[in-house]
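A structural walkthrough
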Amino acid sequence: MSEAEKNLSDIEKKIEKFELLTILSDEDDPKDALLTIHPGAGGTESCDWAEMLLRMYLRWVERRGFKHNIIDYQAGDEAGVKNATIEVTGEYAYGFLKAESGVHRLVRISPFDANRRRHTSFASVFVYPEIEDTITVEINDDDLKIDTFRASGAGGQHVNKTSSAVRITHLPTSIVVQCQSERSQFRNKENAMKVLKSRLYQYYKDKEEEKQAKLESTKKKIEWGSQIRSYVFHPYNMVKDHRTGVETSDIQKVMDGELDEFINSYLSKREK
């Protein structure tokens, strides 16, 4: 590549980045993000798929130069994860990751099936903007149910022998958050409250938008069957985003965190 071609390529990338940041104009877009992954029905198969998604997003975080903190990680009974929540820190982390909220569908030959049959698994991804301390979200202590329990690691081993893990239920909304990543019950409660605060902020924001009839027509409810993206490992290789039509046969690249094409296409279409 000549120097002129290299300079032109650099300019095009800068223009593309500028256009993308112009699209990320919502007040929450520049904020850090909280990303939660839940497996669908299907036991070990879905738990394994949830862990594959967690790895994919951690790779994406590394590629973007962002930082992450695993707030909650609950290992599956045999493999994978039952639930995982990560805090992603970086400029416009929420703006980019909000494109990933939805149901992700996997089709493959199951490594857990002795008969080598094809299985379909689902996992849902929820993304919330992390709320700064300067933003007030009123939480009444009487509205909280706080439970403590022993934190457990992979393979059922206890991280410690004390009830350090914390689960908080917000009774008026039935929102439940929990954290067990720290040895300190105080730190786990602090992290759980951080997640609850962000989820309540998003909850009340959505309610307000509903009242004003300003919810985007393209916004889908997070439920099984309304997948935003399919990852097909068999009988052919393909990852396809059902919202934009963007697809690729390079599954390994996607699972290694190269998600920008999907994210950018969705954000551009959403803006239009």
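Notes on the structure in this doc start here. Along every chain, residues carry numbers that run from 1 in the direction the sequence is written. This being a predicted model, a pLDDT of at least 70 is required before a residue's local features are given, and a value of 80 or more before pairs of side-chain atoms are given or counted; all residues contribute to the totals for chains, interfaces and linings. Side-chain calculation: all heavy atoms of the structure are included, whereas hydrogens and water are not.

1. Some details on the nonpolar core
Side-chain atoms within 4.5 Å are what join buried Ala, Val, Leu, Ile, Met, Phe, Trp, Tyr and Cys residues into a set we call a nonpolar core. Throughout, exposure labels follow a simple rule: accessible area from a 1.4 Å probe, protein chains only, divided by the maximum for the residue type, with under 20% read as buried, over 50% as exposed, and the rest as partly exposed. Ranked by internal contacts, the top residues of the largest apolar core, which has 42 residues, are L53, Y57, Y231 and L267. The set of elements that each furnish at least two residues to this core consists of α1 (3-23), β1 (33-39), α2 (44-64), β3 (81-89), α3 (93-97), β5 (118-129), α5 (251-255) and α6 (260-271). Here a helix means four or more residues in a row that DSSP labels H or I, a strand means two or more in a row labelled E, and each is numbered from the N terminus. Residue contributions to this core peak at 10 residues, all from α2. Contacts are assigned to residue pairs with any non-hydrogen atoms lying within 4.5 Å of each other. Residues contacting Y231, with those up to four places away along its chain left out, are W49, L53, M56, H104, R105, L106, V107, M238, V239, V254 and M255. Core analysis: the second largest hydrophobic core is formed by 15 residues, L34, V137, I168 and I175 among them.

2. Section: the pairing of strand β7 (residues 165-170)
Remark: a regular strand shows side chains that alternate across the two faces of the sheet. A large share of β7 lies buried, amounting to 5 of its 6 residues. Both strand β6 (residues 144-149) and β7 contribute to a ladder of 6 bridges, which runs antiparallel. Pairing of I146 across the sheet is with I168, part of β7. As paired strands, β7 and strand β8 (residues 175-179) are joined by 5 bridges and run antiparallel to one another. Of the residues in β8, the one forming a bridge with V166 is C179. Where β7 folds back on β8, the antiparallel hairpin that results is connected by 4 residues, among which S174 adopts a positive phi of roughly 65°. Pairing between strands is defined by DSSP: at least two bridges between them are needed.

3. A closer look at the sheet that holds β5
Pairing is mixed in the open sheet, where 8 strands are placed in the order β2-β3-β1-β5-β4-β9-β10-β11. A strand with exactly one partner marks an edge of an open sheet, and here the two such strands are β2 (67-75) and β11 (247-248). The pairing of β1 with β3 spans 5 bridges and is classified as antiparallel. Within β3, the residue paired with I37 across the bridge is A84.

4. Regarding the pairing of strand β9 (residues 227-232)
Of all 6 residues in β9, 6 are buried; the element is thus mostly enclosed. In this sheet, β9 lies alongside strand β4 (residues 102-109) in parallel orientation, the contact comprising 5 bridges. Each bridged residue has a counterpart across the sheet, and for R105 the counterpart in β9 is S230. In this structure, β9 lies alongside strand β10 (residues 238-241), joined through 4 bridges in antiparallel fashion. Bridge pairing in β10 links R229 to D241. Taking the residues that link successive antiparallel strands as the turn, the β9-β10 hairpin has 5 residues.

5. Re the environment of L20
Turning to its location among the elements, L20 is positioned in helix α1. Here L20 falls in the buried class, since its relative accessible area comes to 10%. With 76 residues separating them in the primary sequence, L20 and F96 have C-alpha atoms 9.6 Å apart.

6. Notes on the environment of R105
Looking at where R105 falls in the secondary structure, it is placed in strand β4. A relative accessible area of 24% places R105 in the partly exposed class. Sequence separation of R105 and A123 is 18 residues, and the distance between their C-alpha atoms is 6.7 Å. Once residues lying within four places of it in the same chain are set aside, the contact partners of R105 are W49, T120, S121, F122, Q227, R229, S230 and Y231. Distance and chemistry together define a polar contact, namely a pair of N or O atoms within 3.5 Å, with one atom able to donate a hydrogen and the other to accept it when in protein, and with adjacent residues in sequence counting only for side-chain atoms on both sides. In this structure the side chain of R105 is engaged in a polar contact, spanning 3.0 Å, whose partner is the side chain of S230.

7. Focus: the sheet that holds β8
The strand order β6-β7-β8 describes an open sheet built from 3 strands, whose pairing is antiparallel. Strands at the two margins of the open sheet, each flanked by one partner only, are β6 and β8. The sheet shows a mean angle of 15° between the axes of neighbouring strands, taken without regard to direction. For every element, the axis is a line fit to its C-alpha atoms; helices are fit only across the contacting stretch, and the angle between N-to-C directions ranges from 0 to 180 degrees.

Such coordinate-based values are descriptive only and should not be taken to indicate function.
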